[in-house]
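Coordinate analysis (summary)
Next come the chains, spelled out residue by residue.
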Amino acid sequence: MSTRTAHAPKGIRRSEGVAGWLFTAPMLIVLGLFLVVPVLMALWVSFSDWSGRGSPFSSSVNFVGVDNYSDLLAGGGLAERDFGISLRNNAWYVLLVVPLQTAIALLLAVLVNRQILKGRGFFRTAFYFPSVTSSVAITVLWLFLFSASGAVNAVLSWFGVNGPNWFQDPSGVVHNLLAAVGVTQGPGWLTEPTVLNVSLWDWLAGPSVAMSAFVLMAVFTTSGTFMLLFIAALQNLSHDVQEAAMIDGANGWQRFWRVTFPQLRPTLFTVLTLGLIGTWQVFDQIYTGTQGGPGKTTVTPAYLSYTSAFESQQWGRGAAIAFVLFVIIVVLTILQRVVLRERGVSKRRMRAYSVARSQTANKEGRP
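A brief look at the structure comes next. (Residues numbered from 1 in each chain as written. Predicted model: local features only at pLDDT ≥ 70, side-chain atom pairs only at ≥ 80, totals over all residues. Heavy atoms only, no water.)

1. Here's the deal with the overall build of the protein chain
Counting its regular elements, the protein chain contains 18 helices and two strands. Relative to the 2.2 N^0.38 estimate, which gives 21 Å for 367 residues, the radius of gyration of the protein chain is 27 Å and therefore markedly larger than a compact globule would have. For the protein chain, with 367 residues in total, the buried portion stands at 35%. Contacts spanning at least 24 positions in sequence make up 68% of the contacts within the protein chain whose residues lie at least 6 apart. Just so you have it, the protein chain exposes about 22600 Å², and 65% of that area is on carbon and sulfur atoms. (Helix = DSSP H or I, 4+ residues; strand = E, 2+ residues; numbered from the N terminus. Rg over C-alpha atoms; globule rule 2.2 N^0.38 Å. Buried < 20%, exposed > 50% of the residue type's maximum accessible area, 1.4 Å probe, protein only. Contact = heavy atoms within 4.5 Å. Areas by Shrake-Rupley, 256 points an atom, 1.4 Å probe, with all protein chains shown as cover.)

Printed below as a string of structure tokens:
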């Protein structure tokens, strides 16, 4: 081996680093112009009183500090209440859609990934088809299906159920269930305190009947996409561990829960993260369907940001809503990451495993 080869510098050479930056420079410039710069401009708008006319950097635009944020979070007026209602609506939407679409996507993936299933390609296409259909078209279809005289209420009438006028019913589902057992008003400790100018009793009202229809639509249209992610993960799993579990006498449920499901943790994190981001940013279905009605029970922060900026000309408030929503998504994503992180085996389980292994070895006469 020559001296030059033996003492060759490690890592990236200077010329290679320059070449790498040259190749990535066009994309970095594009991202900077169309992503970073607009985000920074929107951040400035959230701290200003820009009216939407002229440049946000003109001398007529004043810096107002955190006034736009304080109006939303502690203003005590209509702006704070509308923001609190939008968060309440969206929180229930997220709480229902994310678990349902994840569970259904995983179930569909397991079903269509079975080798004994005939026509797997057809079922995969059928389950995925709603995901590639325009959300506007699906929303219009949903308006017809869930109207007072629509197909959904017609099917419910076969079972003697008088279906509601879905997209015109602002009542909360949880409040309706409580009213069915005679509870029509909350106690004082729930009705008097408020969070974002909305009482705790209203926070616990559940999604409105109108928002429930949007929940069903979201599950219907997104489960197919996440099904494909789970299918790809299932097909990349090793069969050796499954065969070992079968030899040890594990049944089908035990193999899935103890062997397959833990290996799907990275994919599960991806699905939950994408679902979390998508559900907190719901806008087009609300804009096409109800535009926040009835009674503001389908208003979401994304839609409220749009109406504040483009309809009320409160551009600073609209930008502030967008950045508060961004913080919520980031915090929940980090929390989700912490919950789903890999954890080491506890000492208690390791001790129990060592004892069981020693007992097995003694029975078999092994050292």
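2. A closer look at the nonpolar core
Generally speaking, soluble globular proteins have nonpolar side chains that are buried together. Within the largest apolar cluster, 39 residues are counted, with the highest numbers of intra-cluster contacts made by Phe83, Leu87, Ala109, Met227, Phe230, Leu264 and Trp280. Taken together, the elements giving at least two residues each to this core come down to helix H3 (67–74), helix H4 (78–112), helix H11 (209–235), helix H14 (265–280) and helix H17 (315–339). By residue number, the principal contributor to this core is H4, which donates 10 residues. Other than its neighbours up to four places away in sequence, Phe230 contacts Thr102, Ala105, Leu106, Ala109, Thr267, Leu268 and Val271. Core analysis: the next-biggest nonpolar cluster, separate from the first, contains 17 residues, Ile138, Trp142, Val209 and Val215 among them. (Core = buried A, V, L, I, M, F, W, Y, C linked by side-chain atoms within 4.5 Å.)

3. What about the environment of Thr300?
By secondary structure assignment, the location of Thr300 is in the loop between helix H15 (284–289) and helix H16 (301–311). C-alpha of Thr300 to C-alpha of Trp280: the two residues are 20 residues apart in sequence and 8.1 Å apart in space. For Thr300, the residues in contact, after removing those within four places along its chain, are Ser86, Asn90, Met211, Val282 and Ile286.

4. Description of the packing of aromatic side chains
If you walk through the whole model with that rule in mind, you get 23 aromatic pairs. Ring geometry for Trp44 against Phe57: centres 6.4 Å apart, planes inclined by 15 degrees, an arrangement best described as stacked. With Trp44 in helix H2 (residues 14–46) and Phe57 in the loop between H2 and H3, this residue pair connects regions lying 13 residues apart in the sequence. Grouped by ring-pair contacts, the aromatic residues Trp50, Phe283, Tyr287, Tyr303, Tyr306, Phe310 and Trp315 constitute a single cluster. Cation over ring: Arg337 sits above Phe269, and NZ or CZ is 4.9 Å from the ring centre. (Phe/Tyr/Trp six-rings, centres within 6.5 Å; stacked < 30°, edge-to-face > 60°. Lys NZ or Arg CZ within 6 Å of the ring centre and 35° of its normal.)

5. What about the side chain of Thr102?
For Thr102, the location among the structural elements is in helix H4. For Thr102, a relative accessible area of 7% gives the class buried. In contact with Thr102, other than residues within four places in its own chain, are Phe230, Leu268, Val271 and Leu272.

6. What to know about H14
Look at H14: 22 Å from first C-alpha to last across 16 residues, which is about the 22 Å you get at 1.5 Å a residue. Looking at the buried positions of H14, the neighbouring elements they touch are H4, H11, helix H13 (252–263) and H17. (Expected span 1.5 Å × (residues − 1).)

7. Looking at the side chain of Ser223
Relative to the elements of secondary structure, Ser223 occurs in helix H11. For Ser223, a relative accessible area of 4% puts it in the buried group. Apart from residues no more than four positions distant in its own chain, Ser223 is found in contact with Gln101, Ile104 and Ala105.

8. A few points about H17
Between its terminal C-alpha atoms H17 stretches 36 Å, which fits the 36 Å expected from 25 residues at 1.5 Å a residue. Buried within H17 are the following residues: Trp315, Gly316, Gly318, Ala319, Ala320, Ile321, Phe323, Val324, Leu325, Ile329, Thr333 and Gln336. Packing partners of the buried residues in H17 comprise H2, H3, H4, H14 and H16.

9. Quick look at the packing of helix H6 (residues 135–145) against H11
Where H6 contacts H11, the two axes come as close as 11 Å, and the packing angle between them is 135 degrees. By the criterion of interaxial angle, the relationship of H6 to H11 is oblique. The two elements H6 and H11 cross, and the hand of that crossing is right-handed. On the side of H6, the interface is formed by Ile138, Thr139 and Trp142, while H11 contributes Ala213, Phe214, Leu216, Met217, Phe220 and Thr221. Split by residue class, the contact of H6 with H11 holds seven nonpolar, two polar and no charged. (Axes fitted to C-alpha atoms, helices over the stretch in contact; angles between N-to-C directions. Parallel < 35°, antiparallel > 145°, perpendicular 65-115°, else oblique. Left-handed = near helix turned anticlockwise from the far one by under 90°. Nonpolar A, V, L, I, M, F, W, Y, C, P; charged D, E, K, R; others polar.)

10. Details of the packing of H16 against H17
Packing of H16 against H17 leaves a shortest axis separation of 7 Å and a crossing angle of 160 degrees. On the basis of the axis angle, H16 is roughly antiparallel to H17. Along this stretch, H16 crosses H17, giving a crossing that reads as left-handed. Residue-level inspection shows Pro301, Ala302, Leu304, Ser305, Ser308, Ala309 and Phe310 of H16 in contact with H17, the latter providing Trp315, Arg317, Gly318, Ile321, Ala322 and Leu325. When the residues that make up the contact of H16 with H17 are grouped by side-chain class, the tally is nine nonpolar, three polar and one charged.

11. Some details on the environment of Leu87
Residue placement: Leu87 occurs in helix H4. The exposure class of Leu87 is buried, given its relative accessible area of 10%. Other than its neighbours up to four places away in sequence, Leu87 contacts Leu196, Trp203, Trp280, Pro301 and Ile328.

12. Remarks on the environment of Ala126
Position of Ala126 relative to the elements: it lies in helix H5 (residues 120–132). Between the C-alpha atom of Ala126 and that of Leu272, which follows or precedes it by 146 residues, the distance is 23 Å.

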